[in-house]
Amino acid sequence: QVQLVESGGGLVQAGGSLRLSCAASGNIFSIDRLGWYRQAPGRQRELVASITSGFITNYADSMKGRFTISRNNAKNTVHLQMNSLKPEDTAVYYCHADGVYVFGPVNDRPDYSGMDYWGKGTLVTVSS
């Protein structure tokens, strides 16, 4: 019903920049919160940044000042601008959507989906 597709991952040198994008598709009316999580091998998945439909942002402490999250409500896209990348930023980055409202079967009334959604992830590798 709802799909999230990430893009923009790749290999960059330490100190470089990368911009991740995520596009949500489906019969979506609105998304309350969009976020980015990451998971490195042997580590637990962690929040990188999130942003609400009202553009309230939340960042993990280690990302503050380096990463910037943004979204386009009309396009249902979310982006993560990553600057001053470090080797420890290497991970699979996942797009996440919470508080998703979809159109009902008649498409004249939105309804809360009752679940959150994850993308497949995009790999970011930072070399030194």
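**Student:** Sorry, what's going on with the state of the cysteines here?
**Tutor:** Each disulfide consists of one covalent bond between the sulfur atoms belonging to two cysteines. Evaluation of the coordinates by the stated rule reveals 1 disulfide. The disulfide that involves Cys22 links it to Cys95, with 2.1 Å between the sulfurs. Measuring handedness by torsion sign, the sulfur bridge of Cys22 and Cys95 sits at about -85 degrees and is left-handed. Separated by 73 residues along the polypeptide, Cys22 in strand β3 (residues 18–26) and Cys95 in strand β9 (residues 91–103) bring together distant segments of the chain. Its relative accessible area of 3% is what places Cys22 among the buried residues.

**Student:** I tried to follow the pairing of strand β7 (residues 67–72) on my own but got confused; where do I start?
**Tutor:** On a regular strand, each side chain points to the face opposite its neighbour's, so the side chains alternate between the two faces of the sheet. Side chains of β7 alternate between two faces, with Phe67, Ile69 and Arg71 buried and Thr68, Ser70 and Asn72 left unburied. In this structure, β7 lies alongside strand β8 (residues 77–82), joined through 6 bridges in antiparallel fashion. Among the inter-strand pairings, Ile69 is bridged to a residue of β8, identified as Leu80. The hairpin turn running from β7 into β8, its antiparallel successor, is 4 residues long, and Asn76 in that turn takes a positive phi close to 55 degrees.

**Student:** What is the right way to look at the pattern of salt bridges in this model?
**Tutor:** A side chain of one charge can pair with a side chain of the opposite charge if their charged atoms are brought near each other. Tallied over the full model, the rule gives 4 salt bridges. Between Glu46 and Arg38 there is a salt bridge, with its nearest N and O atoms 2.8 Å apart. Linking Asp89 and Arg38 is a salt bridge whose minimum nitrogen-to-oxygen distance equals 2.9 Å. Of this pair, Asp89 sits in the loop between β8 and β9 while Arg38 sits in strand β4 (residues 28–39), placing them 51 residues apart in sequence. It is possible to trace a salt-bridge network through shared partners that takes in Arg38, Glu46, Arg66 and Asp89.

**Student:** When you look at the side chain of Thr122 in this model, what are you seeing that I'm missing?
**Tutor:** With respect to the helices and strands, the residue Thr122 is situated in strand β12 (residues 122–127). Judged by relative accessible area, Thr122 falls into the buried class, the value being 11%. With near-sequence residues (within four places) excluded, Thr122 lies in contact with Glu6, Ser7, Gly8, Gly9, Leu20, Ala91, Val92 and Tyr93.

**Student:** Can you walk me through the packing of aromatic side chains in this structure?
**Tutor:** How two aromatic rings sit relative to each other is given by the distance of their centres and the angle of their planes. Counting across every chain of the model gives 4 aromatic pairs. Aromatic side chains Phe29 and Phe103 sit 5.6 Å apart centroid to centroid with 85 degrees between the ring planes, which places their arrangement in the edge-to-face category. Here Phe103 lies in strand β9 and Phe29 lies in strand β4, a separation of 74 residues in the sequence. Here the aromatic rings of Tyr94 and Trp118 are separated by 6.5 Å at their centres, their planes lie at 85 degrees, and the arrangement is edge-to-face. Here the residue Tyr94 occupies a position in strand β9, and Trp118 occupies one in strand β11 (residues 117–118), the gap between them amounting to 24 residues. What makes Tyr94 buried here is its relative accessible area of 14%. According to the relative accessible area criterion, Trp118 is partly exposed, its value standing at 36%. A network of ring pairs unites the aromatic residues Tyr37, Tyr94 and Trp118 as a single cluster. For the cation-ring pair, Arg45 lies above Tyr94, with the distance from its terminal atom to the ring centre recorded as 3.7 Å.

About the thresholds
- Residues numbered from 1 in each chain as written.
- Predicted model: local features only at pLDDT ≥ 70, side-chain atom pairs only at ≥ 80, totals over all residues.
- Heavy atoms only, no water.
- Disulfide = S-S within 2.5 Å.
- Helix = DSSP H or I, 4+ residues; strand = E, 2+ residues; numbered from the N terminus.
- Buried < 20%, exposed > 50% of the residue type's maximum accessible area, 1.4 Å probe, protein only.
- Pairing = 2+ DSSP bridges.
- Salt bridge = Lys/Arg side-chain N within 4 Å of Asp/Glu carboxyl O.
- Contact = heavy atoms within 4.5 Å.
- Phe/Tyr/Trp six-rings, centres within 6.5 Å; stacked < 30°, edge-to-face > 60°.
- Lys NZ or Arg CZ within 6 Å of the ring centre and 35° of its normal.

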